[in-house]
Amino acid sequence: APSIDAHIDAMFNSILDSFTGANIIIYTPNDERSLSIAKRFDSLLLDYNKTAEKKFTLALLNTKDMLLNGKKTTATEQLKSGKQNILIITSFDESFVNGNLRILHEQLSKDSTTVVYGMPTWLTGDILRLDYVNDFHSHISDSYNPDSPHSETFVFNHFYPENFGCEPSRYAYLGFDV
């Protein structure tokens, strides 16, 4: 399976393709894994802003202190009215994600300008409410890309249906390590 860096790169490219110039809030719990992902997103976006004509506005919020430029704040306070907002939640903890999406959902139930980006484990979660995920037009990186231009993937896509009578699932791609 791809590393978390591959997932981050896929989400970063998705943001570049669809939401250039958006207001981005990177929201992270205070654990090492989540913080490293948040810092990677922050670094990629800051590097992009150095040369981009249409820059992102950025806020990196750590739940440990919730400080931005020395002032206490919340993710909701960082959302910009009338602007496309992207909330990247770097947590793998389903209860953390669900609790924060619940709060945001209550506060932003009429706001359709907020898009949430989440971690790949959200796809297989048990308690994450789908109405929250859907209402925020969530983007979650998956662990395979069947449209890959690699010749092995092309051959796999051609022969799998002939041999098994159906299109390959994500588990078929992972099992064949394409």
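Everything numeric here is computed off the predicted structure, so don't read it as measured data.

Parameters at a glance
Residues numbered from 1 in each chain as written. Predicted model: local features only at pLDDT ≥ 70, side-chain atom pairs only at ≥ 80, totals over all residues. Heavy atoms only, no water. Buried < 20%, exposed > 50% of the residue type's maximum accessible area, 1.4 Å probe, protein only. Helix = DSSP H or I, 4+ residues; strand = E, 2+ residues; numbered from the N terminus. Pairing = 2+ DSSP bridges. Right-handed = clockwise from strand over helix to strand, strands pointing away. Phe/Tyr/Trp six-rings, centres within 6.5 Å; stacked < 30°, edge-to-face > 60°. Lys NZ or Arg CZ within 6 Å of the ring centre and 35° of its normal. Axes fitted to C-alpha atoms, helices over the stretch in contact; angles between N-to-C directions. Parallel < 35°, antiparallel > 145°, perpendicular 65-115°, else oblique. Left-handed = near helix turned anticlockwise from the far one by under 90°. Contact = heavy atoms within 4.5 Å. Nonpolar A, V, L, I, M, F, W, Y, C, P; charged D, E, K, R; others polar.

Asks: Quick question: what am I supposed to make of the pairing of strand S6 (residues 114-118) here?
Replies: Consecutive side chains of a regular strand alternate in pointing toward one face of the sheet and then the other. In terms of burial, S6 is largely enclosed, as five of its five residues are buried. Along S6, one buried face is formed by Thr-114, Val-116 and Gly-118 and the opposite face, lined by Val-115 and Tyr-117, is buried too. Of the pairings in the sheet, the one linking strand S5 (residues 85-89) to S6 comprises four bridges and is parallel in character. Its bridge partner lying in S6, Asn-85 is registered against Thr-114. Relative to strand S7 (residues 139-140), S6 is paired through two bridges, and the arrangement is parallel. Looking at the pairing, Tyr-117 lines up with His-139 of S7. Assessed by its sense of winding, the connection that carries the chain from S6 through helix H5 (residues 130-135) to S7 is right-handed.

Asks: Where do I start with the packing of aromatic side chains in this structure?
Replies: The geometry of an aromatic ring pair is captured by two quantities: the separation of the ring centres and the angle between the planes. Considering all chains together, one arrives at five aromatic pairs under this definition. Each ring, one from Tyr-48 and one from Phe-56, has its centre 5.3 Å from the other, and the planes form 50 degrees; the classification is tilted. Three or more aromatic residues link up through ring pairs in this structure, and these residues are Phe-156, Tyr-160 and Phe-164. Just above the ring of Phe-92 sits the side chain of Arg-33; from NZ or CZ to the centre is 3.7 Å.

Asks: How should I be thinking about the packing of helix H1 (residues 4-18) against helix H2 (residues 32-51) in this particular structure?
Replies: Between two packed helices, the angle of one axis relative to the other and the distance separating the axes together describe the packing. In the contact formed by H1 and H2, the axes pass within 11 Å of each other and the chain directions differ by 40 degrees. Here H1 lies oblique to H2, going by the angle between them. At the point where H1 passes H2, the crossing takes the right-handed sense. In contact with Ile-4, Asp-5, Ile-8, Asp-9, Met-11, Phe-12 and Leu-16 of H1, H2 contributes Ile-37, Arg-40, Phe-41, Leu-44, Leu-45 and Tyr-48. The residue makeup of the contact of H1 with H2, split by class, is 10 nonpolar, no polar and three charged.

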